[in-house]
Amino acid sequence: MRIVLRIGGSVIASPINIDLIKQYATLLKDLKRHGHEVAAVVGGGILAREFIAIAKSLSLNENAQDDVAISVSRIFAQLFLEKLGEAGCESVPLTVEDAAKCLQKEKIVVMGGLKPGMTTDTVAALLADKVNADLLVKATNQEGVYNKDPKKYADAVKLDHLSFNALTDVFAEGKHKAGIKQIIDPEAVKLLKRKRVKMIIVNGFKPENVLAAVKGEQVGTVID
Ligand code: UTP
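Remember, predicted model here, so these are calculated numbers, not experimental data. Here the residue numbers are simple positions, counted from 1 along each chain's written sequence. Confidence filtering applies because this is a predicted model: local features only for residues at pLDDT of at least 70, side-chain atom pairs given and counted only at 80 or more, and all residues used for totals across whole chains, interfaces and linings. Side-chain metrics rest on all non-hydrogen atoms present in the structure, leaving aside hydrogens and water.

1. A look at helix H4 (residues 62–84)
Counting along an α-helix, one turn takes 3.6 residues, and residues three or four places apart therefore face a common direction. Test applied: Runs of E in the DSSP output that reach at least two residues are strands. Runs of H or I that reach at least four are helices, and both are numbered from the N terminus. How far a helix is expected to stretch is found by multiplying one less than its residue total by 1.5 Å. Any two residues whose heavy atoms approach within 4.5 Å are treated as being in contact. Whenever a nitrogen or oxygen atom comes within 3.5 Å of another N or O atom, the pair is scored as a polar contact, on the condition that within protein one atom can donate a hydrogen and the other can accept it, and that pairs from neighbouring residues in sequence are kept only if both atoms are in side chains.
Compared with an ideal rise of 1.5 Å per residue, which puts 23 residues at 33 Å, H4 spans 33 Å between its outermost C-alpha atoms and is within 8% of the ideal. The secondary structure elements touched by the buried residues of H4 are strand S1 (2–7), helix H1 (9–12), helix H2 (18–33), strand S2 (37–42), helix H3 (45–57) and strand S3 (109–111). Where H4 begins, one side-chain oxygen reaches toward the backbone nitrogen of Asn 63, 3.2 Å away; that side chain belongs to Asn 61. Downstream of H4 by one or two residues, Gly 85 has phi in the positive range, about 60°.

Below is the structure:
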């Protein structure tokens, strides 16, 4: 399978979790060893937000704020590639075209942000589209998509399976429920829906969830 793995900065970088970064580097290698083609997209987490705040304090515009956040995400991607050594791309791809080329060379791709005005979710969706991925797994800081904001409602229920259309409805309902909206960028969802790329959202604090998702076991929320 060709897999795009979106690793949330909220998971590996908020605060920076060296053990988890190690576990994800091992997981990427394991997936490759099992015959999968893997491309990961990482975000910059808290450090990226700190740089955004610094840029703001310096009265820099939103483009510049995004640019520094992108640079931070790329440092995390670089860490992964350094750790992967020969198994990974030579350097952090700066475009989806370069990422696709690296994947063709049978290397593990790890990249960060692409350009201002988008999120890393959208980068993952663009990459999934570019390489015709079979699956996009988002490793995030929640168990999956809930019927309502779990931070506000104790009776919120995690949904095992959703259609893209139903997810779009959750976003519409979630206008005032920030937690739900944030689980995945609606822009990324639009793209995946159009390209019919299956997505599975899992709790990324347990990397074994990603393996389970790839094996087709019930975990997190499956969206197709
Ligand atoms: P994300 O919010 O996508 O990363 O990007 P994250 O840290 O992995 O977040 P979680 O785990 O999903 O919560 C952080 C910021 O970086 C900029 C945006 O400002 C975004 O809010 N960014 C990222 C870009 O401008 N362009 C990109 O391509 C990626």
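There is more to say after this.
2. Examining the site of the ligand
Where we set the bar: One heavy atom suffices: a residue is near a molecule or strand as soon as one of its heavy atoms comes within 4 Å of it. The protein chains shown are the only cover counted for residues, whose accessible areas, like all others here, come from Shrake-Rupley with a 1.4 Å probe. Under this grouping Gly is polar, as are all residues other than the nonpolar Ala, Val, Leu, Ile, Met, Phe, Trp, Tyr, Cys and Pro and the charged Asp, Glu, Lys and Arg.
Around the ligand, the structure places 22 residues, and the nearest of them are Gly 9, Ser 10, Gly 45, Asp 66 and Thr 120. Between Ser 10 and the ligand, the recorded distance is 2.7 Å, taken from a side-chain N or O atom to an oxygen atom. Within the backbone of Gly 45, one N or O atom sits 2.7 Å away from an oxygen atom of the ligand. Relative to its unbound accessible surface of 590 Å², the ligand loses 86% to contact with the protein. Counting residues per element, the ones that place at least two in the shell around the ligand are H1, H3, H4 and helix H6 (120–130). Tallied by class, the residues present in the shell around the ligand amount to seven nonpolar, ten polar and five charged.

3. What to know about helix H5 (residues 96–104)
Our working definition: Type-normalised accessible area, obtained with a 1.4 Å probe on protein chains alone, sets the label of each residue: buried when under 20%, exposed when over 50%, and partly exposed for intermediate values. Arc, as used here, means the arc of the directions from the helix axis to the C-beta atoms.
Three or more residues of H5 are buried, namely Val 96, Ala 99, Ala 100, Cys 102 and Leu 103. Along the long axis of H5, the arc covered by the buried residues comes to 160°, so they all point the same way. Looking at the buried positions of H5, the neighbouring elements they touch are S1, S2, S3 and H6. Once H5 ends, the next one or two residues include Glu 106, with phi positive near 65°.

4. Quick look at the confidence of the model for the protein
Which entries qualify depends on this criterion: pLDDT gives the predictor's per-residue confidence on a scale running from 0 to 100.
Of the residues in the protein, 95% reach a pLDDT of 70 or more, and the chain-wide mean stands at 93. Confidence drops under pLDDT 50 across residues 176–181; counting only partners more than four residues distant or on other chains, this segment forms 18 contacts.

5. What about the nonpolar core?
Defined as follows: Among buried residues, the Ala, Val, Leu, Ile, Met, Phe, Trp, Tyr and Cys ones that are joined through side-chain atoms within 4.5 Å form a nonpolar core.
Ranked by internal contacts, the top residues of the largest apolar core, which has 75 residues, are Val 4, Leu 5, Ile 12, Tyr 24, Phe 80, Val 110 and Met 199. If we skip the residues at most four places from it in the chain, Phe 80 touches Ile 7, Ile 12, Ile 21, Tyr 24, Ala 25, Leu 28, Val 42 and Val 110.

6. Here's the deal with the packing of H5 against H6
Our working definition: Axis definition: a line fitted to C-alpha atoms, over the contacting stretch in the case of helices. Angles run 0 to 180 degrees between N-to-C directions. By definition in this entry, angles of less than 35 degrees are roughly parallel, angles greater than 145 are roughly antiparallel, angles of 65 to 115 are roughly perpendicular, and the rest are oblique. What makes a crossing left-handed is the near helix being turned counterclockwise from the far one by less than a right angle; a clockwise turn instead makes it right-handed.
The geometry of H5 relative to H6 is characterised by a closest axis approach of 10 Å and an angle of 55° between their N-to-C directions. Taken together, H5 and H6 sit at an angle that is classed as oblique. Of the two possible hands of crossing, H5 and H6 adopt the one that is right-handed. Facing Val 96, Glu 97, Ala 99 and Ala 100 of H5, the residues of H6 in contact are Leu 126, Leu 127 and Lys 130. Of the residues contributing to the contact of H5 with H6, the split by class is five nonpolar, no polar and two charged.

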